[in-house]
Amino acid sequence: MATQYQNVVVMRHGDRLDNFEELWVMKAERPWDPPLHQDGKIRAFCTGQKIRSNMDFPIHRVFVSPFLRCVQTAAEVVRALCDVADHNGESNVLSSNSEFVIIDPSKVKVSIEYGLCEMLNLVAVRAAAAPKDGDFRFSISQYESELPAGTVDNTVEAVYKKLPKWGETLESARARYVEVVKALADKYPSENLLLVTHGEGVGSIFTELNKDSTVLEVAYCGHLYAKRNIQFGENQSFTAGEFVYEKQTGIVSAAK
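Right, let's walk through the structure included here. On a predicted model such as this, the values are computed, not experimentally measured, just so you know.

Moving on to the pairing of strand 4 (residues 193–197). Of all 5 residues in strand 4, 5 are buried, a share of seventy percent or more. Judged from the 4 bridges that link them, strand 2 (residues 61–64) and strand 4 form a sheet pairing that is parallel. Paired with Arg61 across the two strands is Leu193, which belongs to strand 4.

Laid out in structure tokens, this is it:
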């Protein structure tokens with residue numbers, strides 16, 4: 001049996017607009033779904049550059065929460081990963097809007113995954129912004145248009161076909177994140193994955209891999225890297241080892 005490693009990066013979205021403009025919620029049609037602040041787009045693009053330059057493996061596939069801030073984060077990261085040139089460290093290339101950024105969309109494929117969504121409770125969704133009827137009304141086709149042309153893979157079957165029910169507990173949300181990451185990795189054992197989710201999602205995976213630690217904070221675009229060995233057999237069969245935590249950026253933790 002041939003052995004190789006599968007690498008997975010789990011990342012939080014960038015800076016959300018409503019943390020910079022307090023009045024945005026008052027006038028927004030979808031106050032529960034803020035976009036990125038411009039600083040968040042820059043942070044996301046630069047984080048994508050760092051992942052590309054600092055990891056010794058390519059990202060093949062990206063899965064992203066349906067919330068707009070995550071989709072816009074994924075869009076910036078994917079543009080950095082698909083750039084035909086490596087601009088990491090160049091002060092004049094801090095945004096995907098730069099004239100120097102030209103992407104090859106064949107490098108990475110992207111899909112929206114409901115299972116990576118925000119915790120659907122008042123712990124994560126602010127009471128003043130939460131939809132009164134519990135209906136978040138996502139337009140997946142509209143949000144897919146935020147992603148770089150040619151990168152969206154519509155053939156992927158999502159792990160969660162729809163959002164979890166509003167009012168999920170903290171424990172069930174954390175279990176969901178762990179379940180979805182494992183399921184996505186098992187669906188694509190020969191590919192390296194980047195999962196763009198929310199702070200609790202990153203924290204849940206961190207504590208699953210570091211059971212003696214508790215997460216205190218996950219910064220915008222904070223992320224962790226884990227890997228596992230995969231042994232491939234005949235007829236696309238495989239045997240996977242346990243994920244092993246490698247390193248993190250932007251996660252503050254403490255021993256339990």
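There's more to say after this.
Bringing the pairing of strand 2 into the picture now. Burial along strand 2 is two-sided: Arg61 and Phe63 facing one way and Val62 and Val64 facing the other are all buried. In this sheet, strand 3 (residues 109–112) lies alongside strand 2 in parallel orientation, the contact comprising 4 bridges. Across the sheet, residue Arg61 finds its bridge partner in strand 3, namely Lys109.

Take helix 2 (residues 38–54) next. Between its terminal C-alpha atoms helix 2 stretches 24 Å, which fits the 24 Å expected from 17 residues at 1.5 Å a residue. Within helix 2 the residues assigned to the buried category are Gly40, Ala44, Phe45, Cys46, Thr47, Gly48, Gln49 and Ile51.

Time to look at the packing of helix 2 against helix 3 (residues 68–82). Between helix 2 and helix 3, the shortest axis-to-axis distance is 7 Å and the interhelical angle comes to 40 degrees. Considered as vectors, helix 2 and helix 3 are oriented oblique to each other. By crossing handedness, the relation of helix 2 to helix 3 is classed as right-handed. For the pair formed by helix 2 and helix 3, the contact residues are Lys41, Ala44, Phe45, Gly48, Gln49, Ile51 and Arg52 on the first element and Gln72, Thr73, Glu76, Val77, Arg79, Ala80, Leu81 and Cys82 on the second. When its residues are assigned to classes, the contact of helix 2 with helix 3 shows 7 nonpolar, 4 polar and 4 charged.

Under the defined criterion, the tally for this structure stands at 10 aromatic pairs. Look at Trp32 and Phe136: their rings are 6.1 Å apart centre to centre, the planes differ by 80 degrees, and that puts the pair in the edge-to-face class. Linking Trp32 in the loop between helix 1 (24–27) and helix 2 with Phe136 in the loop between strand 3 and helix 4 (140–144), this pair joins segments that are 104 residues apart in sequence. Take Trp32 and Phe136: they sit in the same class, and that class is buried. Relative to Trp166, the ring of Phe136 lies with its centre 5.7 Å away and its plane at 45 degrees, an arrangement referred to as tilted. Within this pair, whereas Phe136 is found in the loop between strand 3 and helix 4, its partner Trp166 is found in the loop between helix 4 and helix 5 (170–187), the two being separated by 30 residues in sequence. Ring-pair connections join several aromatic residues into one group, and the members of that group are Trp32, Phe67, Phe136, Phe138, Tyr143 and Trp166. Positioned above the aromatic ring of Tyr177, the side-chain terminus of Arg176 is 4.6 Å from the ring centre. Taking NZ or CZ as reference, Lys227 lies 4.5 Å from the ring centre of Tyr5, over its face.

Next up on the list: the nonpolar core. Counting residues in hydrophobic clusters, the biggest one holds 36 residues, and the most contacted among them are Ile51, Ile59, Val62, Val64 and Leu194. Broken down by secondary-structure element, the contributors of at least two residues to this core are strand 1 (2–12), helix 2, strand 2, helix 3, strand 3, strand 4 and strand 5 (213–232). For this core, the element with the most residues is helix 3, which contributes 9 residues. Those residues within four positions of Ile51 in sequence are excluded, and the remaining contacts are Val9, Met11, Ile59, Leu81, Leu194 and His223. Counting 20 residues, the second-largest nonpolar core is a separate cluster that includes Val8, Val156, Val180 and Val202.

Criteria and cut-off values
Residues numbered from 1 in each chain as written. Predicted model: local features only at pLDDT ≥ 70, side-chain atom pairs only at ≥ 80, totals over all residues. Heavy atoms only, no water. Buried < 20%, exposed > 50% of the residue type's maximum accessible area, 1.4 Å probe, protein only. Helix = DSSP H or I, 4+ residues; strand = E, 2+ residues; numbered from the N terminus. Pairing = 2+ DSSP bridges. Expected span 1.5 Å × (residues − 1). Axes fitted to C-alpha atoms, helices over the stretch in contact; angles between N-to-C directions. Parallel < 35°, antiparallel > 145°, perpendicular 65-115°, else oblique. Left-handed = near helix turned anticlockwise from the far one by under 90°. Contact = heavy atoms within 4.5 Å. Nonpolar A, V, L, I, M, F, W, Y, C, P; charged D, E, K, R; others polar. Phe/Tyr/Trp six-rings, centres within 6.5 Å; stacked < 30°, edge-to-face > 60°. Lys NZ or Arg CZ within 6 Å of the ring centre and 35° of its normal. Core = buried A, V, L, I, M, F, W, Y, C linked by side-chain atoms within 4.5 Å.

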